[in-house]
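Spelled out from the first residue to the last, the chains are:
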Amino acid sequence: MRVLVKGAGVAGLTAAFELATRGAAVTVAETRHGLGGNASWFAGGMLAPWCERESAEQPVLDLGRDAADWWEAATPGQVTRAGTLVVAAPRDAGELDRFASRTSGHRRVDEDEIALLEPDLAGRFRRGLLFSDEAHLDPRQAMAALHDRLAAMGVEFHFCADAPAVSGFGRQIDCTGMSAVDGRLRGVRGEMLILRTPDVSLSRPVRLLHPRFPLYMVPRTDHRFMIGATMIESQSTGPVTARSMMELLGAAYALHPAFGEAEIVETGVGVRPAFPDNLPRVEASGDTVAINGLYRHGFLLAPAMARQAADLVFNQDGTKELAHETVGQRRSA
């Protein structure tokens, strides 16, 4: 079976992998010149289903709990399994208790254990939560590794093109995100910064809770740190605003004062597609299967969505079953 995947973001790449491993002849078409520039490029790469449950519905945890295993199998060596550390300033201790009450899969850590986990945070926080089963990856490296593996498996890529002629394809997978023609979608703007400083080292993502502006910080290579991210109901792709820049930098400084002297290596904006309930959908219409609405959970939920899409492609009778699964997830939410 020949399948055309439209879009080379995280949804398109994971769908291509699921299809190719099941024996489909896959072609990926992308309008951009390469892998960069889409919302996936500016993602945090946190595979943190238990933390995300604080503000997301139960299906996000159910669908995302196996994401780290999927990424490790698909892109060996790209996943770091060091957990997630959640901290708060003493004056915001109530935020930590609230976060704990809305999540699971964590244990409380005190000041001494925080110092053992992250020596550069020693003495800065008295209490925290450790989500030891969570993981993270660098989205750009993971996407490049997945692209290379797909190419080695015989998947064809067409960049800078709307799509090759579609007459020869048995099915299409639409993974075009905000470019899809779907009036139910809205854009949620996320702004991020990449800072570089040799004065701080972190082994895992750290979330700093604040009643107004919580922050997450994800370590990268070469003393770089990705910090983010805003959630603004807007489809604007313009540069990072001054307000967001000040908020992000202020929160980074609150995590560790050394970030006050850090280099601002990059700023970025990604517009995440979301449905009204903030849950993703895999839907079939004729010969096309659409994956969309990954919202802020792209790398976390894309593997599960890709599996559902591949099931639809290879099991025509599975459409009804998967539709019922989706409805059940939404009802539980």
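Computed from a predicted structure; not experimentally measured.

With respect to the packing of aromatic side chains
Logical step 1: The final tally for this structure, using the stated rule, is six aromatic pairs.
Logical step 2: Measuring from centroid to centroid gives 5.4 Å for W71 and F299, while their planes differ by 35°, and the two rings are tilted. With W71 in helix α4 (residues 67–74) and F299 in helix α9 (residues 298–314), the pair connects residues that are 228 residues apart, well separated along the chain. Of the two residues, W71 and F299, both sit in the buried class.
Logical step 3: A centroid spacing of 6.0 Å and a plane angle of 85° characterise the contact between F99 and F131, whose relative ring orientation is edge-to-face. A residue pair is termed long-range when its members are at least 10 positions apart, and F99 in helix α5 (residues 93–101) and F131 in strand β6 (residues 127–131) qualify at 32 residues. For the residue pair F99 and F131, the accessibility class agrees, reading buried in each case.
Logical step 4: Put simply, the rings of F17, W70, W71 and F299 pair up and form one aromatic cluster.
Logical step 5: When the ring centre of F275 is taken as origin, the NZ or CZ atom of R281, which lies over that ring, is 4.3 Å away.

A closer look at unusual backbone geometry
Logical step 1: One non-glycine residue, D222, adopts positive backbone phi at about 60°.
Logical step 2: Within the secondary structure, D222 is located in the loop between β12 (215–219) and β13 (224–228).
Logical step 3: The exposure class assigned to D222 is partly exposed, which follows from its relative accessible area of 48%.
Logical step 4: Phi at H223 is positive, roughly 60°, even though this residue is not glycine.
Logical step 5: Note on placement: H223 falls in the loop between β12 and β13.
Logical step 6: We classify H223 as partly exposed; its relative accessible area is 35%.

Notes on helix α1 (residues 10–21)
Logical step 1: The terminal C-alpha atoms of α1 lie 17 Å apart, and with 12 residues this matches the ideal 16 Å at 1.5 Å per residue to within 8%.
Logical step 2: Most of α1 is tucked away: 11 of the 12 residues are buried.
Logical step 3: Turning to α1, its buried residues are V10, A11, G12, L13, T14, A15, A16, F17, E18, L19 and A20.
Logical step 4: G23, located one to two residues past α1, shows a positive phi value of around 100°.

Some details on the sheet that holds strand β1 (residues 2–6)
Logical step 1: A sheet is described by the order of its strands in space; here six strands give the open sequence β8-β2-β1-β9-β16-β15, paired in mixed fashion. Both edges of this open sheet fall to β8 (156–159) and β15 (281–285), since each of them pairs with a single strand only. Direction aside, the axes of adjacent strands within the sheet are offset by 20° on average.
Logical step 2: Two strands pair when backbone bridges link them, and β15 and strand β16 (residues 288–292) are joined in this way by five bridges, in the antiparallel orientation. From the neighbouring strand, V282 faces β16, where its bridge partner is I291.
Logical step 3: On the sheet, α9 packs against β1, β9 (171–174), β15 and β16 and is oriented at approximately 170° with respect to β16.

Quick notes on the confidence of the model for the chain
Logical step 1: Per-residue confidence for the chain gives a mean pLDDT of 93, with 93% of residues at or over 70.
Logical step 2: Contacts from residues 317–321, a stretch scored under 50 in pLDDT, to residues over four places away or in other chains number three contacts.

Focus on the pairing of strand β4 (residues 84–88)
Logical step 1: Extensive coverage of β4 is indicated by the burial of five of its five residues.
Logical step 2: Judged by which residues are buried, β4 turns out to be covered on both faces: T84, V86 and A88 on one side and L85 and V87 on the other are all buried.
Logical step 3: Both β4 and β6 contribute to a ladder of four bridges, which runs antiparallel. Looking across to β6, one finds that L85 is bridged to L130.
Logical step 4: Direction of pairing for β4 relative to strand β11 (residues 206–209): parallel, over a ladder of four bridges. Across the sheet, the residue bridging to A88 is L209, located in β11.

Thresholds applied
Residues numbered from 1 in each chain as written. Predicted model: local features only at pLDDT ≥ 70, side-chain atom pairs only at ≥ 80, totals over all residues. Heavy atoms only, no water. Phe/Tyr/Trp six-rings, centres within 6.5 Å; stacked < 30°, edge-to-face > 60°. Helix = DSSP H or I, 4+ residues; strand = E, 2+ residues; numbered from the N terminus. Buried < 20%, exposed > 50% of the residue type's maximum accessible area, 1.4 Å probe, protein only. Lys NZ or Arg CZ within 6 Å of the ring centre and 35° of its normal. Expected span 1.5 Å × (residues − 1). Pairing = 2+ DSSP bridges. Axes fitted to C-alpha atoms, helices over the stretch in contact; angles between N-to-C directions. Contact = heavy atoms within 4.5 Å. pLDDT = per-residue confidence, 0-100.

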